[in-house]
Amino acid sequence: MNERHSSPNSRSFLFPSEMVLRRVMGMMMGCLGMSCLRLTDQPTRPAPPSECDSTSVSDDIDPKSSSSSSLSSSARIKLSDGRYLAYKERGVPKNQSNYRIILVHGFASHKDMNFMVPQKLMDELGIYLVQFDRAGYGESDPFPKRSLKSEASDIQELADQLQLGSKFYLIGVSVGSYPTWSCVKDIPHRLAGVALVVPIINYRWPTLPHDLIQDDYRKNLSRCAVWIARHTPGLLHWWLTQKMFPSSSVLDRNPKFFSNKDLEVLKNTPGYQLLSKSKLKEEPIFHSLRKDFIVAFGKWDFDPLTLDDPFVKSQCGLHLWQGYEDKVVPFELQRYVSTRLPWIKYHEVPDGGHLIVYDSDVCEAILRSLLLGDDPPLYKPKFY
C-alpha cells in the first residue's frame, strides 16, 4: 500500500521534499511578500475620475495593446521601450502642490494599495501622490527583462512624463524597496527624499555580517525559493495552483507570518484577501510575480550597505520605517542597516508588524518625517 494513503490522517502527511517545497512557497508568497493586501476575484470597476491636474499621455495608447483595452479606466504613460505604465493620482492637484511623491508598491500588490494617509494631511501640506502599477502588475505591461535598473528607469520616466519637476519624493513599501534602493543608487540627483517602509533585506548583500544572519531561517528559504522560481517555474506554478495539497492557502491569517496587529488588519479589511489560485493560474501574472521575486532576492549589482549619503545637502534624507513585531523582516536586521549607514533616519513602530501602512497614524508620521523632518518620539527605537 502506498505509504501516503495508509492512514486516515494522510491528508496532513507530506513527504520531506513536499514539506520543504511548502515552506519555501510559504516564504515566497507570504513571509516575503505581504507588503499589502490585494483585492482579487472581484469584478473590475471603473475608477472614479481623478481630482488632480493630470498630464497623462494616455491619448497615445495603442488600441492593440493588452494593457490599453477600452475596458481599462486607468491613466497611463507610454515608456521609451513601448510598454505602458498605469498610475493613479491622489491628494491635491499637481499644479497646486508643495510636495510631489511617487509610491512604489510591493510584491503581489498594485497601484490601488491602501496607503492610509489622511486626506486632511494631504490638503494641509499640499501633497500630490502618484501610485503606479510596476511592470507586469495591475494594468501595466509586463517586462520579462525586469531588473534593478529597469525599475529605476520606469520610475524616472514616470516622473518625467508627469512633469514632477527636477526632484521628487519616493516611498518604497516592502519589496517595493528594491526599486527604491535602485533609484538611490542610479538617480540620487532626482530624489528630494526617500522613505523605505518595512523594506526587504536581501541576504545576498555581501556585507551583511555572517553572525547576524547565520541562524535566520529566512536566509536559506529565500535562496531556495529563488532557485525554485528561476529553475523550476513549472513546478512552482503547479504547486501554487494545484488542489491536492494545501499550498499558499495556509498563509491566510497564519500567525507564523503576521503579528497580532497584522492579523487585526486582515480581520478588519473587508473584501481584501491574499493572492488567489485563480489569479495565479494566469501565466502572465504568475511570471511577473516570479520575475519580481527573483530580482528582489537574487544577486544585485550593488550593495546598498556600501552606498554614500546622496542627501548630504538635503534636510529630508532617507528614512527607514520598521515594525518591532514584524515577522517578515526582523527588526534586528533593519537596526543593523541603520547603524551601518548612519545617515539613515531610523524609525521603529513599537507594536507594528509588516502591515504598518494600514495605520493612518503611522502613515502620517511617515509623511511628516519625510517632508518636514519631524522625528516623533513615539517611533524612536528602544536602543537609542
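Quantities reported herein were computed from a predicted structural model and do not represent experimental measurements.

Asks: Explanation requested: the overall build of the chain in the structure shown.
Replies: Within the chain, the regular secondary structure consists of 12 helices and eight strands. The 384 residues of the chain split such that 55% are buried. Within the chain, contacts between residues at least 6 apart in sequence are counted, and of these 79% link residues at least 24 apart. Accessible surface, the chain as shown: approximately 17100 Å² in total, 52% of it carbon and sulfur.

Asks: Looking at this structure, how should I read the packing of aromatic side chains?
Replies: Describing an aromatic ring pair means giving the distance of the ring centres and the angle of the ring planes. A full pass over the atoms with the stated rule returns eight aromatic pairs. Here the aromatic rings of phenylalanine 293 and phenylalanine 297 are separated by 4.9 Å at their centres, their planes lie at 45°, and the arrangement is tilted. Here phenylalanine 293 pairs with phenylalanine 297, and both are found in helix 10 (residues 283-297), just four residues apart, close to one helical turn. We note that phenylalanine 293, like phenylalanine 297, is buried. By way of ring pairs, the aromatic residues Trp181, Trp205, Trp300 and Phe302 are connected into one cluster. Positioned above the aromatic ring of phenylalanine 143, the side-chain terminus of arginine 83 is 4.2 Å from the ring centre. Its end group placed over the ring of tyrosine 324, lysine 382 keeps NZ or CZ at 4.4 Å from the ring centre.

Asks: Where do I start with helix 8 (residues 260-267) in this structure?
Replies: Because each turn of an α-helix spans 3.6 residues, side chains separated by three or four positions in sequence point in the same direction. Listing the buried residues of helix 8 in full gives Asp262, Val265 and Leu266. For helix 8, the angular spread of buried residues about the axis comes to 100°, placing them on one side. Seen from the buried face of helix 8, the exposed residues on the opposite side, beyond 90 degrees, are Asn260 and Lys267.

Asks: Can you help me understand the confidence of the model for the chain in this one?
Replies: Low-pLDDT stretches of the model should not have their predicted coordinates read in fine detail. Looking at the chain as a whole, its pLDDT mean stands at 81, while 75% of the residues score no less than 70. Across residues 1-21, where pLDDT falls below 50, the model places 15 contacts with residues more than four positions away in sequence or in other chains. Confidence drops under a pLDDT of 50 for residues 29-72, and excluding neighbours within four residues, the segment shows 112 contacts in the predicted structure.

Asks: Is there a simple way to think about the nonpolar core in this case?
Replies: Taken as a class, soluble globular proteins show a tendency for nonpolar side chains to be buried jointly. The biggest cluster of nonpolar side chains holds 68 residues, and the ones touching the most others in it are Ile102, Leu158, Phe168, Leu170, Trp181 and Leu318. Counting residues per element, this core draws most heavily on helix 10, at eight residues. If sequence neighbours within four positions are ignored, leucine 158 has contacts with Ile77, Leu85, Tyr87, Ile102, Val130 and Phe132. Listed in part, the 37 residues of the second largest apolar core include Val197, Val198, Phe257 and Leu355.

Asks: I tried to follow the pattern of salt bridges on my own but got confused; where do I start?
Replies: Note on pairing: side chains with opposite charge can pair once their charged atoms come close. Under the definition given, this model contains 20 salt bridges. The residue aspartate 186 makes a salt bridge to lysine 149 at a minimum N-O spacing of 3.6 Å. Of this pair, aspartate 186 sits in helix 4 (residues 177-186) while lysine 149 sits in helix 3 (residues 148-161), placing them 37 residues apart in sequence.

Asks: When you look at the sheet that holds strand 8 (residues 344-349) in this model, what are you seeing that I'm missing?
Replies: Reading across the sheet, the eight strands line up as 1-2-4-3-5-6-7-8 and stay open at both edges, with mixed pairing between neighbours. Edge positions in the sheet fall to strand 1 (75-78) and strand 8, since each has one partner strand and no second. For this sheet the average axis-to-axis angle between neighbouring strands, irrespective of direction, equals 25°. Pairing of strand 1 with strand 2 (residues 84-91), which is carried by four bridges, proceeds in the antiparallel orientation. The partner of lysine 78 across the bridge, within strand 2, is tyrosine 84. Across the sheet, helix 12 (residues 360-372) touches strand 3 (99-104), strand 4 (127-132), strand 5 (168-173), strand 6 (191-197), strand 7 (317-323) and strand 8, and the angle it forms with strand 7 is around 160°.

Asks: It is not clear to me how the packing of helix 3 against helix 4 should be interpreted in this structure. Could you clarify?
Replies: A pair of packed helices is characterised by two quantities: the angle between their axes and the separation of those axes. Two numbers describe how helix 3 lies on helix 4: the axes approach to 8 Å, and their chain directions differ by 80°. On the basis of their axis angle, the class for helix 3 and helix 4 is roughly perpendicular. Contacts between helix 3 and helix 4 pair Leu148, Lys149, Glu151, Ala152 and Ile155 from the former with Tyr178, Pro179, Ser182, Cys183 and Asp186 from the latter. For the contact of helix 3 with helix 4, the per-class residue count stands at six nonpolar, one polar and three charged.

Asks: Is there a simple way to think about helix 11 (residues 331-340) in this case?
Replies: Of all the residues in helix 11, the buried ones are Phe331, Leu333, Gln334, Arg335, Val337 and Ser338. Buried residues along helix 11 sit in contact with helix 5 (210-213), strand 7 and strand 8.

Asks: I'm lost on a positive patch on the surface in this one. Help?
Replies: Together, Arg204, Arg223, Arg230 and Lys299 make up a region of like positive charge exposed at the surface. Following the sequence through the fold, arginine 230 ends up in helix 6 (residues 217-231).

Asks: Help me understand the environment of aspartate 141, please; the structure alone is not making it clear to me.
Replies: Note that aspartate 141 resides in the loop between strand 4 and helix 3. With relative accessibility at 9%, the residue aspartate 141 sits in the buried group. A polar contact of 2.8 Å, which involves the side chain of aspartate 141, links it to the backbone nitrogen of tyrosine 84.

About the cut-offs
As a convention, each chain's residues are numbered from 1 in the sequence order in which they are written. For this predicted model, a pLDDT threshold of at least 70 governs which residues receive local features, and a threshold of 80 or more governs which side-chain atom pairs are given and counted, while totals over whole chains, interfaces and linings are taken from all residues. Where side-chain values are given, they derive from all heavy atoms of the structure, hydrogens and water being excluded. What counts as a helix is a DSSP run of H or I of at least four residues, what counts as a strand is a run of E of at least two, and both are numbered from the N terminus. Throughout this description, buried means an accessible area under 20% of the type-specific maximum (1.4 Å probe, protein chains only), exposed means over 50%, and partly exposed covers the range between. Contacts: residue pairs with any heavy atoms within 4.5 Å of one another. Accessible surface is estimated by sampling points in the Shrake-Rupley manner with a 1.4 Å probe; for residues, cover comes only from the protein chains shown. By convention, a stacked pair of Phe, Tyr or Trp rings (six-membered ring in the case of Trp) has centres within 6.5 Å and planes under 30 degrees apart, an edge-to-face pair has planes over 60 apart, and any other such pair is tilted. Look at NZ for Lys and CZ for Arg. If either is within 6 Å of the ring centre and within 35 degrees of the ring normal, a charge sits over the ring. It is the directions from the helix axis to the C-beta atoms whose arc is reported. pLDDT is defined as a per-residue confidence score from the predictor, taking values between 0 and 100. Buried residues of nine kinds, namely Ala, Val, Leu, Ile, Met, Phe, Trp, Tyr and Cys, make up a nonpolar core once their side-chain atoms join them within 4.5 Å. By definition, a salt bridge exists where a carboxyl oxygen of Asp or Glu is found within 4 Å of a side-chain nitrogen of Lys or Arg. When DSSP finds two or more bridges between a pair of strands, those strands are recorded as paired. For helices, the fitted axis covers only the stretch in contact; all axes are lines through C-alpha atoms, and the angles between them, taken along N-to-C directions, range from 0 to 180 degrees. Should an angle fall under 35 degrees it is called roughly parallel, over 145 degrees roughly antiparallel, and 65 to 115 degrees roughly perpendicular, with every other angle called oblique. Polarity classes work like this: nonpolar for Ala, Val, Leu, Ile, Met, Phe, Trp, Tyr, Cys and Pro, charged for Asp, Glu, Lys and Arg, and polar for all others, with Gly in that last group. Each patch is built from residues lacking any salt bridge and having more than 30% relative accessible area; the joining distance is 9 Å for like charges and 5 Å for nonpolar side chains (Val, Leu, Ile, Met, Phe, Trp, Tyr). Charged residues are defined here as Lys and Arg on the positive side and Asp and Glu on the negative side; His and the ends of the chain fall outside this count. The atom standing in for a charge is NZ when the residue is Lys, CZ when it is Arg, CG when it is Asp and CD when it is Glu. Distance and chemistry together define a polar contact, namely a pair of N or O atoms within 3.5 Å, with one atom able to donate a hydrogen and the other to accept it when in protein, and with adjacent residues in sequence counting only for side-chain atoms on both sides.

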